[in-house]
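Residues per chain, in single letters:
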Amino acid sequence: MNVKLFKHQQDAYNFSMNNKYPGTLLWHEMGLGKTLAALIILRSLLANLRQGGVSAPKILVLLPKSMLHQWRTETQKFTPDIYESILFLPYSQLKKARNLTMYYDFRAIVMDESHYMKSQGTNRMEDFCDLLESIGNSPGQFHGGKYLSLSGTPMLNHAAELFTTWALLTSENPFDASAKMKDKVRYEKWKQSFTKSKMKSWSTRYGGTKYGQDSPEGVANTEMFNQLIGPIVHFRRASDCLDLPMKQEIEVDLGLDDDTLLENADIEKPEAYMAVLERLARSKTPHAIEWIDTFLKGSQEQLVVFCPYKFPLYEIMKKHGKKSVMVTGDQNDNERRVNMEAFQKGDARIFLTTYGAGGVGLNLQNAHNSLYLGYPWTPGQIKQAMARTHRQGQLKRTLHYFLTSGQNDSRIFGLIRSKEEAVNSVEEGLLAQEQAVSTGLDSII
């Protein structure tokens, strides 16, 4: 089946197929069709392997549970000829993957939303390294194989989060990849070379300040960092590739400080800072419901609502249940699909979701209004959420309303903007040196 690609997708295909390393990171902003680009790359890889005598090569696609429906749909639509050669596995089931190597000859591993695999020492990373070692011991041993990482936000907070991606994509075999990804000394050298350090501190609810350990943040030695990751990264911005409508961010200030907001809410006093943030989000719920009432009465348009916590969403659902659908991590794939399709068809006015469950993999460009009630700590999660409506196929200016109050919202927004500037410096550098060649910087780490 012939598929017409956009130029940026064709560029990504050429970059990946000609890459001297076994892996490529498609760092494409949301809405640029990374899934389709990956499928075309995988189709060519399978053809090459079969021509080389591999009888039944298989592809393992690791992905968030929320992406299962999209991947299956797009594979059947654009590349049905390779559908039977792909196994889809949510990250939550990664522990099962090692057993699959007894039955399948894996020659490609795809990690969609690859920032899910950014942290050393986690159970998820340990399970992934076990999988790599098991593939290395399998009859095919991953000869001629390829790694493909996909993410619009691969670096959520700081440069150290790209270490594991770099370690995987530049390793010649699965054993080397596993060893490099688990190498704590190498990781520390990477962190010291490419991140800044800042002592964590925060104001408590009752006055005073709490301090945590030094934490990496941002990017240091940006030019050197870009030269190191450039040979494995294909970066594209949505605004450079698609003719998208304008996007507008609107702060809706409640005019309430944190103490007043919490005082008027029927919520027990919190004891920790994260509890403060959750209670603040919950205490905004009546104000969010009032704002939504006004929105629904003033227009016939649809609305997407994001919140880090489920409680406010359930309260909104109680008030507007007949007009609302919800997507959370508690739902199975079919429940999510039914609710999403109801909103896409216009059967529901309000789409309620958390950043974790709805921030990736959903096409909601039938709406152009979004409300954000409580915020994540990274610009990447905000960008992912905004890209549910501001993406290919959107015909109207998208409006993004942030319900804000008090000093904690200001603090979080300040941190988000600071992190965003660091990521932007890397993105600009990658665009400037797209044809960069490895310059022997591996010795740094």
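Caption draft 1: View of the sheet that holds strand S9 (residues 247-253). Taken together, the six strands give an open sheet; going across it, the order is S9-S14-S13-S10-S12-S11, and neighbouring strands pair in parallel fashion. With one partner strand each, in any of the chains shown, S9 and strand S11 (324-327) form the two edges of the open sheet. Each strand axis lies, on average, 20° off the axis of its neighbour in the sheet, ignoring direction. Looking at chain direction, strand S10 (residues 303-307) and strand S12 (residues 350-354) are connected through five bridges and run parallel. The partner of Phe306 across the bridge, within S12, is Thr353. Relative to strand S14 (residues 398-404), helix H17 (residues 379-386) is tilted by about 135°, and along the sheet it contacts S9, S10, strand S13 (369-373) and S14.

Caption draft 2: Up close: the side chain of Ser44. Among the structural elements, Ser44 can be located in helix H2 (residues 34-51). Assessed through its relative accessible area of 18%, Ser44 is described here as buried. Leave out the neighbours within four places in its chain, and Ser44 touches Tyr13 and Met17.

Caption draft 3: Here's a closer look at the pairing of strand S4 (residues 105-112). The element S4 is extensively covered by neighbouring structure, given that seven of its eight residues are classed as buried. Here strand S2 (residues 57-63) pairs with S4 via six bridges, running parallel. Residue pairing across strands places Ile59 opposite Ala108, the latter belonging to S4. Note that S4 and strand S5 (residues 146-150) share five bridges and pair parallel. Residue pairing for S5: Asp112 is matched across the bridge by Leu150. For the crossover that starts at S4, traverses helix H5 (residues 123-136) and ends in the parallel S5, the hand is right-handed.

Caption draft 4: Region of interest: the packing of helix H9 (residues 222-229) against helix H18 (residues 406-432). Orientation of H9 relative to H18, taken along the N-to-C sense of each, is 55°, at an axis distance of 9 Å. The pairing of H9 with H18 is recorded here as oblique in orientation. For the pair H9 and H18, the crossing hand works out as right-handed. Between H9 and H18, the contacting residues are Thr222, Phe225, Asn226 and Ile229 on the first element and Ser425, Val426, Gly429 and Leu430 on the second. Grouping the amino acids of the contact of H9 with H18 by side-chain chemistry returns four nonpolar, four polar and no charged.

Caption draft 5: Examining the sheet that holds strand S1 (residues 23-28) more closely. An order of S3-S2-S4-S5-S1-S8 is seen for the six strands of this open sheet, with the pairing classed as parallel. The open sheet terminates on both sides in strands that have one partner only, identified here as strand S3 (86-90) and strand S8 (233-236). With direction set aside, neighbouring strand axes in the sheet form an average angle of 20°. Bridge count between S1 and S8: four bridges; the pairing is parallel. Pairing of His28 across the sheet is with Arg236, part of S8. On top of the sheet, helix H3 (residues 68-78) reaches S2, S3, S4 and S5; it is set at about 165° to S3, its chief contact.

Caption draft 6: Structural view of H18. Its 27 residues place the ends of H18 40 Å apart at the C-alpha level, agreeing with the 39 Å of an ideal helix rising 1.5 Å per residue. Of the residues making up H18, those classed as buried are Asn408, Asp409, Ile412, Phe413, Ile416, Lys419, Ala422, Val423, Val426, Glu427, Gly429 and Leu430.

Caption draft 7: Local environment of the side chain of Gln331. Structurally, Gln331 can be placed in the loop between S11 and helix H15 (333-344). We classify Gln331 as buried; its relative accessible area is 14%. Only 2.9 Å separates the side chain of Gln331 from the backbone oxygen of Met326, close enough to count as a polar contact. Ignoring sequence-local partners within four residues, the contact set of Gln331 consists of Lys65, Met326, Arg336 and Asn339.

Caption draft 8: Quick look at the pairing of S5. In terms of residue burial, S5 counts as a mostly covered element, since five of its five residues are buried. Side chains of S5 alternate between two faces, with Lys146, Leu148 and Leu150 and Tyr147 and Ser149 buried alike.

Caption draft 9: Geometry of the nonpolar core. Ile292, Val305 and Phe351 are the most contacted members of the largest nonpolar core, which totals 50 residues. At six residues, helix H13 (residues 285-298) tops the list of elements feeding residues into this core. Leaving out residues up to four positions away in the same chain, Ile292 has contacts with Leu303, Val305, Ile316, His320, Ile350 and Leu371. Among the nonpolar cores identified, the runner-up in size contains 47 residues, and Leu62, Met111, Met125 and Ala177 belong to it.

Caption draft 10: View of the pattern of salt bridges. Applying the stated rule across the entire model yields 21 salt bridges. The residue Lys95 makes a salt bridge to Asp127 at a minimum N-O spacing of 3.5 Å. Of this pair, Lys95 sits in the loop between S3 and helix H4 (97-100) while Asp127 sits in helix H5, and the two are 32 residues apart along the sequence. Judged by relative accessible area, which is 64%, Lys95 ranks as exposed. With a closest N to O distance of 3.9 Å, Glu161 and Lys118 form a salt bridge. Separated by 43 residues along the polypeptide, Glu161 in the loop between S5 and helix H6 (163-169) and Lys118 in the loop between S4 and H5 bring together distant segments of the chain.

What counts, and at which threshold
- Residues numbered from 1 in each chain as written.
- Predicted model: local features only at pLDDT ≥ 70, side-chain atom pairs only at ≥ 80, totals over all residues.
- Heavy atoms only, no water.
- Pairing = 2+ DSSP bridges.
- Helix = DSSP H or I, 4+ residues; strand = E, 2+ residues; numbered from the N terminus.
- Axes fitted to C-alpha atoms, helices over the stretch in contact; angles between N-to-C directions.
- Contact = heavy atoms within 4.5 Å.
- Buried < 20%, exposed > 50% of the residue type's maximum accessible area, 1.4 Å probe, protein only.
- Right-handed = clockwise from strand over helix to strand, strands pointing away.
- Parallel < 35°, antiparallel > 145°, perpendicular 65-115°, else oblique.
- Left-handed = near helix turned anticlockwise from the far one by under 90°.
- Nonpolar A, V, L, I, M, F, W, Y, C, P; charged D, E, K, R; others polar.
- Expected span 1.5 Å × (residues − 1).
- Polar contact = N/O pair within 3.5 Å; in protein donor to acceptor, adjacent residues only side chain to side chain.
- Core = buried A, V, L, I, M, F, W, Y, C linked by side-chain atoms within 4.5 Å.
- Salt bridge = Lys/Arg side-chain N within 4 Å of Asp/Glu carboxyl O.

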